[in-house]
Amino acid sequence: MPVCQPMLHPPPSPEPPAATPCALGQTQQAILLRQDLLGSAIYTIGLTVHIDGAVDTALLERATQDVIAAEPMLRAHVVDTADGPCWQIAPALSWRLPVIDDRAPTDPAASPAQDGAARALADLQQHGIDPRGDTLWRFALYRTSSARWAWLLGFNHLLVDGHGVLLVVEGIVRRYNALLHNPSEPALPPGPDYGRFVAREQAYLQSARHARDRAFWDSRLAQGEAVTQSATPGLDTLPEPAKLRWTPDADAWRQYQQQAASHGLTPAQAVLLFLGSYIALVTGQPSVRLGMPLHNRKDAIDKRTVGVFANTLPVLLGADAAAPVAQAMRTLADDTRQVLRHQQFPLDDVLARLAPRHGVVGMHFDVMVSVEDFGHHTTLGDAHLVFAPFSGHPGFAPIAAYVR
């Protein structure tokens, strides 16, 4: 196996860039500003892929290099220009896969509980990835026993959202399997340009619809602020934001999806409803501000583009302990449909004018929920893979729930 640098050392600098810098998206600009204020640890996302079986480390390195060469955002770093921070896309990137032998020295067949991988992940979550560094991702492979591995892929959320993480990982796996069967596979075609989405955003910002959406959100959030101007009792006494993780089995999740859909809700909206209602009930707060996730990928090209599309919409949940659950679900569904008509508006500047929740700068919601399907059980050659997602410190709500 090659001898490489530890995971958390930055990859080598990109080659001198030739491309013209391109603008950050609206959400990316807000993320970068918050990282400048709050640090990058809360914006660490990624996967630990647990591998059971043989791995050709040289082939995995080549597959990763091919995906890096094809995906512009994996060669991107932030530069400051007269027009503000922009993406600089390097034409090429020299990189080697760190491979760390983490097996117990006295027994090659035993695993030391993946200590090296766990330490690297903890360090990544504690310190984050510098948003102004040469690259905004860290990949490494840890061998934990004779036939088991932990493959860590960490990203700064400035670069990708949860869907983008999956695009990168699945792209590397597909490339590895293709090269395994045919080492002479042609080079990958270039991935879709994230600049397409940014150009669409810029056109929207100059449109009449943008002005109408701003009026809607200014009015809505001002009304909501009058209702929720005090922190939710109990939540403001948490020593630190709390993470809740729910990993349902496949059958239970399908039933949950069907139940939510029968009332016009997505699974994420249903989780928000139940969690928000419970918090309102036990704290006595008349309403709770929910952070509703939105993937925001409009078409097939968006769904194949590495970048940040996701947005979080504020929805105010009124607490009525006497209301039947079905009625509460219908009310939330109706409210959500109204909100989604104005989903394209960049909310960060509006939210920033509101009083922070619980006295924490940048905290805009009482509860946030993230729902991603990481239930992948695919193969890398003959090796079995299990995806285990991770995220940084939940700094935007006192309670953050992750359904994986």
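Provided above is the structure to which this section pertains.
Attention here is on the structure that accompanies the text. Not measured: the values here are computed from a predicted model.

Most of strand S7 (residues 148-156) is tucked away, with 8 of its 9 residues classed as buried. Relative to S7, strand S2 (residues 44-52) runs antiparallel, the two sharing 9 bridges. Within S7, the position partnered with Ile45 by the bridge is Phe155. Summarising the sheet, strand S6 (residues 137-145) and S7 pair through 8 bridges and their orientation is antiparallel. Each bridged residue has a counterpart across the sheet, and for Ala140 the counterpart in S7 is Leu152.

Take the sheet that holds strand S1 (residues 22-23) next. One open sheet holds the 3 strands; their spatial order is S1-S4-S3, and the pairing between them is antiparallel. The open sheet has two free edges, formed respectively by S1 and strand S3 (76-81), since each of these has just one partner strand. Sheet analysis places S3 next to strand S4 (residues 84-89), joined by 6 bridges and oriented antiparallel. Paired with Thr81 across the strands is Gly84, a residue of S4.

Our next topic: the pairing of S4. Counting buried positions along S4 gives 5 out of 6 residues, so the element sits mostly inside the fold. Inspection of the sheet shows S1 paired to S4 by 2 bridges, in the antiparallel sense. Bridge pairing in S4 places Ala23 opposite Cys86. If you look at the hairpin formed by S3 and S4, you'll find 2 residues sitting between the two strands.

Here the focus is the side chain of Arg297. Its location among the elements puts Arg297 in the loop between strand S9 (287-294) and helix H9 (300-303). A distance of 2.8 Å separates the side chain of Arg297 from the side chain of Asp161, its partner in a polar contact. At 3.4 Å, the side chain of Arg297 forms a polar contact with the backbone oxygen of Gly307. In this structure, Arg297 is in contact with Asp161, His163, Gly164, Leu167, Asp302, Lys303, Thr305, Gly307 and Phe309, ignoring residues within four places of it in sequence.

Let us now look at the side chain of Glu201. Tracing the backbone shows Glu201 in helix H5 (residues 195-205). Despite its burial, Glu201 pairs with no opposite charge, the nearest such side chain being Arg200 at 8.0 Å. If near-sequence neighbours (up to four positions away) are discounted, Glu201 is found in contact with Gly25, Gln26 and Thr27.

To continue, consider the sheet that holds S6. The mixed open sheet is built from 6 strands, whose spatial order is S5-S6-S7-S2-S13-S12. Looking at the sheet topology across the chains shown, the edges are occupied by strand S5 (99-101) and strand S12 (379-380). Where S12 meets strand S13 (residues 383-391), 2 bridges bridge the pair, whose relative direction is antiparallel. Its bridge partner lying in S13, Leu380 is registered against Ala383. Packed onto the sheet, helix H2 (residues 57-70) meets S5, S6, S7 and S12 and runs at close to 165° relative to S6. Along the sheet, helix H3 (residues 115-127) makes contact with S2, S6, S7 and S13, crossing S7 at roughly 10°.

Taken as a whole and assessed by the stated rule, the structure comprises 0 disulfides. Here Cys22 stays free of any disulfide, with the sulfur of Cys86 as its closest cysteine sulfur at 7.2 Å. A residue is classified by how much of its surface remains accessible, and Cys22, at 28% relative accessible area, is partly exposed.

What follows is about the packing of H2 against helix H4 (residues 162-181). Packing of H2 against H4 leaves a shortest axis separation of 8 Å and a crossing angle of 125°. In terms of orientation, H2 and H4 fall into the oblique class. As for how H2 packs across H4, the hand of that crossing is right-handed. Where H2 abuts H4, its residues Leu59, Leu60, Arg62, Ala63, Thr64, Asp66 and Val67 lie against Gly171, Ile172, Arg175, Tyr176, Leu179 and Leu180. When its residues are assigned to classes, the contact of H2 with H4 shows 8 nonpolar, 2 polar and 3 charged.

If you look at the biggest cluster of nonpolar residues, it comprises 54 residues, and the most contacted ones within it are Ile51, Trp87, Trp151 and Phe155. For this core, the element with the most residues is H4, which contributes 8 residues. Apart from the residues within four sequence positions on either side, Trp151 is in contact with Leu47, Thr48, Val49, Ile51, Leu60, Ala140, Leu141, Val169, Ile172 and Val173.

The geometry of two aromatic rings is summed up by the distance between their centres and the angle between their planes. Under the counting rule described, the total for this entry stands at 8 aromatic pairs. Aromatic side chains Trp95 and Trp137 sit 5.7 Å apart centroid to centroid with 70° between the ring planes, which places their arrangement in the edge-to-face category. Of this pair, Trp95 sits in the loop between S4 and S5 while Trp137 sits in strand S6; the two residues are 42 residues apart in sequence, bridging distant segments of the chain. Just as Trp95 is buried, Trp137 falls in that class too. Here the aromatic rings of Trp95 and Phe139 are separated by 6.1 Å at their centres, their planes lie at 85°, and the arrangement is edge-to-face.

Definitions and limits used
Residues numbered from 1 in each chain as written. Predicted model: local features only at pLDDT ≥ 70, side-chain atom pairs only at ≥ 80, totals over all residues. Heavy atoms only, no water. Buried < 20%, exposed > 50% of the residue type's maximum accessible area, 1.4 Å probe, protein only. Helix = DSSP H or I, 4+ residues; strand = E, 2+ residues; numbered from the N terminus. Pairing = 2+ DSSP bridges. Polar contact = N/O pair within 3.5 Å; in protein donor to acceptor, adjacent residues only side chain to side chain. Contact = heavy atoms within 4.5 Å. Lys, Arg positive; Asp, Glu negative; His and termini not counted. Salt bridge = Lys/Arg side-chain N within 4 Å of Asp/Glu carboxyl O. Axes fitted to C-alpha atoms, helices over the stretch in contact; angles between N-to-C directions. Disulfide = S-S within 2.5 Å. Parallel < 35°, antiparallel > 145°, perpendicular 65-115°, else oblique. Left-handed = near helix turned anticlockwise from the far one by under 90°. Nonpolar A, V, L, I, M, F, W, Y, C, P; charged D, E, K, R; others polar. Core = buried A, V, L, I, M, F, W, Y, C linked by side-chain atoms within 4.5 Å. Phe/Tyr/Trp six-rings, centres within 6.5 Å; stacked < 30°, edge-to-face > 60°.

That's the geometry; what it means functionally is another story.
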